[in-house]
Structure formats: C-alpha cells, structure tokens
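# Examining the three-dimensional arrangement
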Amino acid sequence: MAGIVLKNAYVKINNIDLSDHVTQVTIKYAAEIHDKTAMGATARSRIAGLKDWSADIEFNQDFAAGEVDATLWSLVGAAPFAVEIRPDAGSASATNPKYAGSAVLPEYNPIDGQVGAFLKTKITLQGDGNLTRGTS
C-alpha cells in the first residue's frame, strides 16, 4: 500500500497562492443526514440531505503586501471568493485531485500567539455552494 506524506500542499484563496505559508490544511465534506423513521419501524431509516463543506487552514503569519494578512483581512464578511486546494502543488491529476469551490470567511485573528512563539494564524473557510473534485 502506498503512503502519502503531505509536504507541498497547494492552497489558493481569492486567486492568491498562499501555499508557501500553509502549515496545515483540512477539508471537511459532509451531507446532512435526516431521520425518516416512521411508526411501526423496527430500525432507524435515514436519508441524505444537503451537502456542505469547509476548510481549516493554518498559516505562518506574514504582514507583507499580497501575503497572508493582506489577503485574509479584506475577505472577512465579504462576498464569496474562489478557493482551490490540492494535496501537492503539481498539476491536478488522478493522484493529485483538485478541490475547488466558493467560500466565505466569517472571522480572522491576525494576531494569536504567546511570548516567544512563532506567529501563526488559523482560519475556517465555510463553503458557499458545491465543492468540486477535479483531476485536470
């Protein structure tokens, strides 16, 4: 069985490639599950509802123009923006799928740390519509 070491993920937010600042990325993809069990049933019955997605991303903070802070600051509460995430910065393929969609950013903490610690920031992007998976 092959193994994958995540060491070169690609993260593009609002058409800005922030990959070189990413230290952790998680995509969550889910469907609401509704109970449709009726009287007389002897076991639960369920049906899938709407799908939803989000992405948790941790960055090494950078306040330079065009970098992490400048990109994220303007997105809080703004209109939905494009997001693309791949396990590797190489081209999308069957072994390097591209996950893309529109998202919103409800909050951002530009400074979050303690004395002597390397400054990082974490965000949670909330999907706005479908998350697509592509291989090209």
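Quick look at the structure, then. Keep in mind it's a predicted model, so treat the numbers as computed, not measured. (Residues numbered from 1 in each chain as written. Predicted model: local features only at pLDDT ≥ 70, side-chain atom pairs only at ≥ 80, totals over all residues. Heavy atoms only, no water.)

## With respect to the environment of Ile27
Relative to the helices and strands, Ile27 is located in strand 3 (residues 22–35). Given a relative accessible area of 31%, Ile27 falls into the partly exposed group. Sequence separation of Ile27 and Pro110 is 83 residues, and the distance between their C-alpha atoms is 21 Å. Not counting chain neighbours up to four residues away, the residues in contact with Ile27 comprise Ser54, Ala55, Ile85, Tyr99 and Leu131. (Helix = DSSP H or I, 4+ residues; strand = E, 2+ residues; numbered from the N terminus. Buried < 20%, exposed > 50% of the residue type's maximum accessible area, 1.4 Å probe, protein only. Contact = heavy atoms within 4.5 Å.)

## Observations concerning the pattern of salt bridges
Under the criterion given, the structure shown has five salt bridges. When the shortest N-O distance is used, the salt bridge between Lys28 and Asp56 registers 2.8 Å. With Lys28 in strand 3 and Asp56 in strand 4 (residues 46–60), the pair connects residues that are 28 residues apart, well separated along the chain. For Lys28, a relative accessible area of 43% corresponds to the partly exposed category. (Salt bridge = Lys/Arg side-chain N within 4 Å of Asp/Glu carboxyl O.)

## Some thoughts on the pairing of strand 7 (residues 120–127)
The pairing of strand 4 with strand 7 spans seven bridges and is antiparallel. Its bridge partner lying in strand 7, Asn60 is registered against Lys120. In the sheet, strand 6 (residues 98–104) pairs with strand 7 via two bridges, with the strands oriented antiparallel. Note that in strand 7 the partner of Val104 across the bridge is Gln126. (Pairing = 2+ DSSP bridges.)

## Thoughts on the environment of Asp128
You can see Asp128 is positioned in the loop between strand 7 and strand 8 (132–134). Not counting chain neighbours up to four residues away, the residues in contact with Asp128 comprise Trp53, Pro80, Ser102 and Ala103.

## Some thoughts on the nonpolar core
Counting 22 residues, the largest nonpolar core has Ile13, Ile57, Phe59, Ile123 and Leu125 as its most contacted members. Among the elements of the structure, strand 1 (10–13), strand 3, strand 4, helix 1 (68–73), strand 5 (81–86) and strand 7 are those that each provide at least two residues to this core. In this structure, Ile57 is in contact with Val11, Ile13, Val22, Gln24, Val25, Ile85, Thr121, Lys122, Ile123 and Leu125, ignoring residues within four places of it in sequence. (Core = buried A, V, L, I, M, F, W, Y, C linked by side-chain atoms within 4.5 Å.)

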